[in-house]
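# Working through the structure, step by step
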Amino acid sequence: MDDRLKSSLYAFTEYIQIERNFSEYTIKFYRQDIEHFFLFMTEQGITCLENVEYFDARLYLTKLFDKAYSRTSMARKISSLRSFYKFLMREHIVKENPFSLLSQSKRQKKIPKFFYEEEMEKLFQVCNGESNLDARNLALLEILYATGIRVSECANIRIKDLDLEFDSILVKGKGRKERIVLFGNYANEALIQYIQQSRPKLMKNSEDHDFLFVNFRGNQLTERGIRYILNDLIKRCALTGKMHPHMLRHTFATHLLNNGADLRTVQELLGHENLSSTQIYTHVTKEHLRKTYLTHHPRA
């Protein structure tokens, strides 16, 4: 990679990390998207960033179409490059942003998959064993369903973040933003049982730490470990398909709205910065109502 391109990318990475406080995960994809465009520049014989024009941006988008990238991936790449060039303009490295006027047809939003209440009951029943891991799995499932937190947020909960008196958790979310999430009696009982009886036994042969959820060796339970546990629960209760942890987040939001919660409250609980991110769940509830109507109305 050309040294000037490398230094520009390094400066942009520092900017989104320090000033914008983006997560490591987001920074990783920004870098990948921009480096992918640098390869395109090399193919086209474009040697510096200020020589990229609107026509080149259009050609890049066309090549993404030709290579059958999904609409989501294309939208993300264009967004990354638009932000990159906005930064370059701020630093007076370039005079124009060739991606500012680039648009593509709006990508169709997929309706999130979620579990029905009967399916959730089956999952909880599978956890009602007597082993220490059963107690952990029940506490894990209760927290994910009761709070709607992301799997990364769940894996990083520490004992000190819990307030069992007020049934709340201090969660570190995207962009290192903190928020308080609430849970109910079922989760409270499962947590107390797990923390007081099962977790100390699982921790017997490991170094002391205060991560809430641990694996059978007593080490911090990773995101991958949580996914494995949830998919194992699916198999054990004979539900079809795989369970992505985000399905519990979708389920949390959908069940709240189906039972009368307002959109702003759900937005706050999910930690969404924009209401538009939460509005997708209104489509879920409408689809649920439509299916119920078609199934049960004699003249549907």
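The shown structure was predicted, so the numbers you read here are calculated from the model rather than taken from an experiment.

## Some details on the sheet that holds strand 2 (residues 168-172)
Taken in spatial order, the three strands of this open sheet run 1-2-3, and their pairing is antiparallel. Strand pairing shows two members of the sheet lacking a second neighbour, strand 1 (162-163) and strand 3 (178-182), which therefore form its edges. With two bridges connecting them, strand 1 and strand 2 associate as antiparallel partners. The residue bridging Asp163 from the neighbouring strand is Ser168, located in strand 2.

## Quick word on the pairing of strand 3
Where burial is concerned, the two faces of strand 3 differ: the one with Arg179 and Val181 is buried and the one with Glu178, Ile180 and Leu182 is not. Bridge count between strand 2 and strand 3: five bridges; the pairing is antiparallel. The partner of Ile169 across the bridge, within strand 3, is Val181.

## A closer look at the side chain of Lys77
With respect to the helices and strands, the residue Lys77 is situated in helix 4 (residues 71-90). Residue Lys77 is classed as buried on the basis of its relative accessible area, which comes to 6%. Ignoring anything within four residues of it in the chain, the contact list for Lys77 reads Asp33, His36, Tyr60, Leu64 and Tyr69.

## A look at helix 8 (residues 185-202)
The terminal C-alpha atoms of helix 8, which comprises 18 residues, lie 24 Å apart, in line with the 26 Å expected from a rise of 1.5 Å per residue. Roughly 45° is the biggest bend found in helix 8, and it falls at Ile195. Turning to helix 8, its buried residues number three or more, namely Ala187, Asn188, Ala190, Leu191, Tyr194, Ser198, Arg199 and Leu202. In this structure, the buried residues of helix 8 make contact with helix 6 (132-147) and strand 1.

## Observations regarding helix 5 (residues 117-126)
Note on helix geometry: an α-helix contains 3.6 residues per turn, so any two residues three or four positions apart are oriented the same way. For helix 5, the full list of buried residues reads Met120, Leu123, Phe124 and Val126. Angular distribution of buried residues about the axis of helix 5 spans 160°; they occupy a single face of the element. More than 90 degrees from the buried face of helix 5, the exposed residues found are Glu118 and Gln125.

## Brief notes about the nonpolar core
Counting residues in each nonpolar core, the largest one holds 41 residues, and the members touching the most others are Leu123, Leu141, Ile143, Phe213 and Ile226. Listing elements by their share of this core, those giving two or more residues are helix 5, helix 6, helix 7 (151-155), strand 2, helix 8, helix 9 (223-236) and helix 10 (245-258). Ranked by residues supplied to this core, first place goes to helix 6 with six residues. The contacts of Phe213, once residues within four sequence positions are left out, are Arg136, Ala139, Leu140, Ile143, Cys154, Leu191, Tyr194, Asn219, Gln220 and Leu221.

## What about the packing of aromatic side chains?
According to the stated counting rule, one finds 17 aromatic pairs in the structure shown. Judged by centre distance (5.2 Å) and plane angle (55°), the ring pair of Phe114 and Tyr116 falls under tilted. Take Tyr116: its relative accessible area is 34%, and that puts it in the partly exposed class. Counting every residue linked through ring pairs, the aromatic cluster contains Phe12, Tyr15, Phe22, Tyr30, Phe37, Phe38, Phe40, Tyr60, Phe84, Tyr85, Phe87 and Phe99. One residue, Lys28, lies across the ring of Phe29, its end atom 5.7 Å from the ring centre. Note that Arg158 overlies the ring of Phe211, its terminal NZ or CZ placed 4.0 Å from the centroid.

## What to know about the packing of helix 2 (residues 24-44) against helix 4
As a packed pair, helix 2 and helix 4 sit with axes 9 Å apart at the nearest point and diverge in direction by 85°. As the angle between them shows, helix 2 and helix 4 are arranged roughly perpendicular. In this structure, helix 2 contributes Phe29, Tyr30, Asp33, Ile34, His36, Phe37 and Phe38 to the contact, and helix 4 contributes Arg76, Lys77, Ser80, Leu81, Ser83, Phe84 and Tyr85.

## Thoughts on the layout of surface pockets
Remark: the empty space left among the atoms is shown by a probe the size of a water molecule rolled over them. Its volume calculated, the second largest pocket comes out at about 500 Å³. As for the second largest pocket, its lining consists of 19 residues, of which Phe124, Glu142, Tyr145, Ala146 and Tyr186 are closest to the centre. For the lining of the second largest pocket, the secondary structure elements donating two or more residues are helix 5, helix 6, helix 8 and helix 10. Here the lining of the second largest pocket gets five residues from one element, more than from any other, and that element is helix 5. Split into classes, the residues belonging to the lining of the second largest pocket amount to ten nonpolar, six polar and three charged.

Conventions used here
- Residues numbered from 1 in each chain as written.
- Predicted model: local features only at pLDDT ≥ 70, side-chain atom pairs only at ≥ 80, totals over all residues.
- Heavy atoms only, no water.
- Pairing = 2+ DSSP bridges.
- Helix = DSSP H or I, 4+ residues; strand = E, 2+ residues; numbered from the N terminus.
- Buried < 20%, exposed > 50% of the residue type's maximum accessible area, 1.4 Å probe, protein only.
- Contact = heavy atoms within 4.5 Å.
- Expected span 1.5 Å × (residues − 1).
- Bend = angle between axes of the 7 residues up to and from the residue.
- Arc of directions from axis to C-beta.
- Core = buried A, V, L, I, M, F, W, Y, C linked by side-chain atoms within 4.5 Å.
- Phe/Tyr/Trp six-rings, centres within 6.5 Å; stacked < 30°, edge-to-face > 60°.
- Lys NZ or Arg CZ within 6 Å of the ring centre and 35° of its normal.
- Axes fitted to C-alpha atoms, helices over the stretch in contact; angles between N-to-C directions.
- Parallel < 35°, antiparallel > 145°, perpendicular 65-115°, else oblique.
- 1 Å grid on protein atoms, 1.4 Å probe; cavity = no way out; pocket = protein on both sides within 12 Å on 5 of 7 lines; lining within 4 Å.
- Points joined across faces, edges and corners; volume = space filled by probe spheres on them.
- Nonpolar A, V, L, I, M, F, W, Y, C, P; charged D, E, K, R; others polar.

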